[in-house]
Amino acid sequence: MEQEIHITLRFDLAIGKVNLNEIVYRLNQIQNPLMLEILKTILMGYDDIISERLSRTDIYPSKARKGLGRHIRKGDSENRLCRGRKILKKGYREKPRQISTVFGKLDLRLRRVECCTCGARYSPLLTALQVGRYARKEMNFEHEIVEAVIDTNYRRLIDGRSIDISLGGIHNIVVGSDIDKTFQEPVSTEDLSAILADGTGVKQYEGRKGELRAVIGITNKGRVEPLGSFTNTEWEEIEGTI
Ligand SMILES: [Zn+2]
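The following refers to the structure shown. All values reported here derive from a predicted model rather than from experimental measurement.

The subject of this paragraph is helix H1 (residues 20-55). With 36 residues, H1 extends 51 Å from end C-alpha to end C-alpha; this agrees with the ideal 52 Å at 1.5 Å per step. In H1, a bend of some 40 degrees at Gln31 exceeds every other bend along the element, and Pro33, a proline, comes one to four places later. When H1 is considered as a whole, its buried residues turn out to be Leu36, Ile38, Leu43, Asp47, Ile49, Ile50, Ser51, Leu54 and Ser55. Contacts made by the buried residues of H1 are with strand E1 (87-92), strand E2 (97-101), strand E3 (104-108), strand E4 (111-115), strand E5 (121-122) and helix H2 (124-128). At the N-terminal end of H1, a side-chain oxygen is found 3.1 Å from the backbone nitrogen of Asn21, two or three residues along, and the residue is Asn19.

Put into structure tokens, the structure is as follows:
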């Protein structure tokens, strides 16, 4: 569904006194706030579309509600999902939801709706955007990384390479390390037959995308020697450290 955003930028030009660098400098300064405003406009528009489609079931076919309106049935102790997709609009939440983005913090006013089937109240935009229902002030970042590492990278690394290390062993390597720093103990490179590196995207606090990168050495005996794990670090820097 194609849409447009129209932006008006008011500016006061110091005619006869301004140079190119100064104009570029000022524009650079408003980049992130501008992106936040654009994001906000997109999300609020999306919120409107979602609630329109879920409330006007007389106009929109069920196909138009696909992927929208998912929520947990009211009072369901096992958190099962409700099949109801018709809602009543119930205005906006009192407090805006703060979402961290690469452009900075976004304060988003969220629509609140009530399910006509089970009566649950929820914000359909959050589930549509796959933003967690419960805002956690702090996320256990290490735990997330360990899960990501075990589920993807290391499993991929180890499958088919006959490296003798258990998943529990990997868990200990990762958990036992200070995840955001390189390993501190010096490792002798003489015993290594290879060095392998791999990276994977990880979800960070409130959905921000992060990158976890790990480097391991393979010893002549075929064992894994951890060399370092890095979060949000450029490969050049990792190469230098290793
Ligand atoms: Zn419901």
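Moving on: the pattern of salt bridges. By the definition in use, this model includes seven salt bridges. For Asp76, the salt bridge goes to Arg73, with nearest N and O atoms at 3.7 Å. Judged by relative accessible area, Asp76 falls into the buried class, the value being 11%. Here Glu114 and Arg121 are joined by a salt bridge, their closest N and O atoms 3.1 Å apart. Residue Arg121 is classed as partly exposed on the basis of its relative accessible area, which comes to 45%. Three or more residues joined by partner-sharing salt bridges are found here, namely Arg73, Asp76 and Arg80.

Scanning all chains against the criterion turns up zero aromatic pairs. Seen from the ring of Tyr92, Arg109 lies directly overhead, with NZ or CZ sitting 3.8 Å from the centre.

With respect to the secondary-structure elements, Gly222 resides in the loop between strand E7 (209-219) and strand E8 (224-231). When the C-alpha atoms of Gly222 and Ser193 are compared, they prove to be 8.2 Å apart, with 29 residues separating the residues in sequence.

What follows deals with the coordination of the zinc ion. Those donors, His71 (NE2), Cys82 (SG), Cys115 (SG) and Cys118 (SG), are the protein atoms that reach the zinc ion, and they lie 2.1 to 2.3 Å from it. Bound by four donor atoms, the zinc ion shows angles of 99 to 116 degrees at the metal and therefore tetrahedral coordination geometry. Read in sequence order, the donor residues coordinating the zinc ion give the pattern H-x10-C-x32-C-x2-C.

In space, the three strands of this open sheet follow the order E1-E4-E5, with antiparallel pairing throughout. Lying at the two open borders of the sheet, with one neighbouring strand each, are E1 and E5. Where E1 and E4 come together, four bridges link them in antiparallel fashion. The partner of Lys89 across the bridge, within E4, is Val113. Packed on one face of the sheet, H1 meets E1, E4 and E5 and runs near 150 degrees to E1.

Moving on, we get to the pairing of E2. Of all the five residues making up E2, four are buried; the element is thus mostly covered by neighbouring parts of the structure. By the bridge criterion, five bridges tie E2 to E3 in an arrangement that is antiparallel. Bridge pairing links Gln98 to Asp107 in E3. A loop of two residues connects E2 with E3, the two strands running antiparallel in sequence.

What follows deals with the side chain of Asp47. Here Asp47 is to be found in helix H1. In contact with Asp47, not counting residues within four places along its chain, are Arg109, Leu110, Arg111 and Leu125.

Residue position: Met1 is located in the segment before H1. Met1 sits in the exposed class, given a relative accessible area of 74%. What Met1 contacts, discounting residues up to four positions off in sequence, is Ile49 and Arg53.

Here the focus is the nonpolar core. A general trend in soluble globular proteins is that nonpolar side chains are found buried together. Ranked by size, the top nonpolar core spans 17 residues in total, and within it Ile50, Leu54, Leu108, Tyr122 and Leu125 carry the most contacts. Setting aside its immediate chain neighbours within four residues, Leu108 contacts Lys40, Leu43, Met44, Pro96, Arg97, Ile99 and Leu125. Within the second largest apolar cluster, five residues are counted, among which are Leu192, Val215, Leu227 and Ile238.

Procedures and definitions
- Residues numbered from 1 in each chain as written.
- Predicted model: local features only at pLDDT ≥ 70, side-chain atom pairs only at ≥ 80, totals over all residues.
- Heavy atoms only, no water.
- Helix = DSSP H or I, 4+ residues; strand = E, 2+ residues; numbered from the N terminus.
- Expected span 1.5 Å × (residues − 1).
- Bend = angle between axes of the 7 residues up to and from the residue.
- Buried < 20%, exposed > 50% of the residue type's maximum accessible area, 1.4 Å probe, protein only.
- Contact = heavy atoms within 4.5 Å.
- Polar contact = N/O pair within 3.5 Å; in protein donor to acceptor, adjacent residues only side chain to side chain.
- Salt bridge = Lys/Arg side-chain N within 4 Å of Asp/Glu carboxyl O.
- Phe/Tyr/Trp six-rings, centres within 6.5 Å; stacked < 30°, edge-to-face > 60°.
- Lys NZ or Arg CZ within 6 Å of the ring centre and 35° of its normal.
- Donors = N, O, S within 2.8 Å, 3.2 Å for Na, K, Ca; no water.
- Tetrahedral: all angles 85-135°; square planar, octahedral: opposite > 155°, others 65-115°.
- Pairing = 2+ DSSP bridges.
- Axes fitted to C-alpha atoms, helices over the stretch in contact; angles between N-to-C directions.
- Core = buried A, V, L, I, M, F, W, Y, C linked by side-chain atoms within 4.5 Å.

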